[in-house]
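Residue strings, one per chain:
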Amino acid sequence: QRTNDAALEEEFKIKTKLKSYTSNNEHELMLNIMEVLRNHGYRVERINVGKRKTIDGRWFDTGAPIGYSDLSGCTQDGKAFYIEVKFGTNKPSPEQIDFLLDRLSCGAHAGTAYSIKEALDIASGSAEVLAAMKNRLEAQRHECTMQRLL
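What counts and what doesn't
Residues numbered from 1 in each chain as written. Predicted model: local features only at pLDDT ≥ 70, side-chain atom pairs only at ≥ 80, totals over all residues. Heavy atoms only, no water. Helix = DSSP H or I, 4+ residues; strand = E, 2+ residues; numbered from the N terminus. Contact = heavy atoms within 4.5 Å. Areas by Shrake-Rupley, 256 points an atom, 1.4 Å probe, with all protein chains shown as cover. Polar contact = N/O pair within 3.5 Å; in protein donor to acceptor, adjacent residues only side chain to side chain. Axes fitted to C-alpha atoms, helices over the stretch in contact; angles between N-to-C directions. Left-handed = near helix turned anticlockwise from the far one by under 90°. Salt bridge = Lys/Arg side-chain N within 4 Å of Asp/Glu carboxyl O. Buried < 20%, exposed > 50% of the residue type's maximum accessible area, 1.4 Å probe, protein only. Pairing = 2+ DSSP bridges. Phe/Tyr/Trp six-rings, centres within 6.5 Å; stacked < 30°, edge-to-face > 60°. Right-handed = clockwise from strand over helix to strand, strands pointing away.

Colleague: I tried to follow the overall build of the protein on my own but got confused; where do I start?
Modeller: For the protein, the helix and strand inventory stands at five helices and six strands. Ordered by position from N to C terminus, the α and β elements of the protein give α-α-β-β-β-β-β-α-β-α-α. Across the protein, the fraction of contacts at a sequence separation of at least 24, relative to all contacts at a separation of at least 6, is 55%. A total accessible area of about 9,000 Å² is found for the protein, and carbon and sulfur atoms account for 52% of it.

See below:
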């Protein structure tokens, strides 16, 4: 599967004349995805989730709900998208899965991206891609449920 993904990624680079992106971890992949999305005319933001301690020791809550996607934004025609970026064998948490499925049910473009191409596919929102994302997320939610029962 991953070998095929690499071939698709290379074909994608050629078709879109992208520079060669190398991602060694999830953070680098997310930064590369943001750059490519912006280069393709999408508005995209990185949203941090959770609580952080300030320099002076106070706690700061970001305000975003647990499970909120790494990236969110909109297409040129105003359609919202939410992308959870994952690297390697990492999987979304149950809260992230629920968040993405909720956004899909509202008609937004949403999914988990393991590559730049997947992120562009999610943002563009073809019905085929979004249906596949929904199926993958539902299977992952089922897997999480089964693991909790064990």
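Colleague: Is there a simple way to think about the environment of Y68 in this case?
Modeller: With respect to the secondary-structure elements, Y68 resides in the loop between strand 3 (59-61) and strand 4 (71-74). Along the backbone, Y68 and Q96 are 28 residues apart, and their C-alpha atoms lie at a distance of 6.3 Å. Once you skip the residues sitting within four places of it in the chain, Y68 turns out to touch I47, V49, Y82, E84 and F99. Of note is the side chain of Y68, whose polar atom sits 3.2 Å from the side chain of S72.

Colleague: What exactly am I supposed to notice about the packing of helix 3 (residues 94-105) against helix 5 (residues 127-149) here?
Modeller: Contact geometry of helix 3 with helix 5 gives a least axis separation of 10 Å together with a crossing angle of 145°. Crossing hand, helix 3 versus helix 5: left-handed. Facing helix 3, whose interface residues are P94, I97, D98, L100, L101 and L104, helix 5 presents L130, K134, L137, E138, Q140, R141, C144 and R148.

Colleague: Is there a simple way to think about the pattern of salt bridges in this case?
Modeller: Side chains bearing opposite charge may pair, as long as their charged atoms lie close to each other. For the structure shown, the criterion picks out eight salt bridges. The partner of R141 in a salt bridge is D98, with the nearest N and O atoms 3.3 Å apart. Within this pair, whereas R141 is found in helix 5, its partner D98 is found in helix 3, the two being separated by 43 residues in sequence. Taking relative accessible area as the criterion, D98 reaches 39% and is therefore assigned partly exposed. Residue E118 pairs with R136 through a salt bridge whose shortest N-O separation is 3.1 Å.

Colleague: Just to check I follow, could you spell out the pairing of strand 4 for this structure?
Modeller: In the case of a regular strand, side chains alternate between the two sheet surfaces. Of the strand pairs in this sheet, strand 1 (residues 43-46) and strand 4 are connected by four bridges, and their pairing is antiparallel. Bridge pairing in strand 4 places E45 opposite S72.

Colleague: Would you mind showing me how to read the packing of aromatic side chains here?
Modeller: Each aromatic ring pair is specified by the distance between its two centres and by the angle formed by the two planes. One pass over the full model with this rule turns up four aromatic pairs. For the ring pair Y68 and Y82, a centre distance of 6.0 Å and an interplane angle of 85° mean the geometry is edge-to-face. Here the residue Y68 occupies a position in the loop between strand 3 and strand 4, and Y82 occupies one in strand 5 (residues 80-85), the gap between them amounting to 14 residues. Take Y68 and Y82: they sit in the same class, and that class is buried.

Colleague: Explain the environment of R58 here, please?
Modeller: If you trace the backbone, R58 turns up in the loop between strand 2 (51-53) and strand 3. A polar atom in the side chain of R58 sits 3.0 Å from the side chain of D56.

Colleague: I'm lost on the pairing of strand 5 in this one. Help?
Modeller: For strand 5, the buried fraction is high: five of the six residues fall into the buried class. Bridge count between strand 4 and strand 5: four bridges; the pairing is antiparallel. Paired with S72 across the bridge in strand 5 is Y82. Strand direction decides the pairing type here: strand 5 and strand 6 (residues 109-113), joined by five bridges, are parallel. Along strand 6, the bridge assignment pairs V85 with A113. Handedness of the crossover is the feature at issue here: the chain leaves strand 5, passes through helix 3, returns alongside strand 6, and the resulting connection is right-handed.

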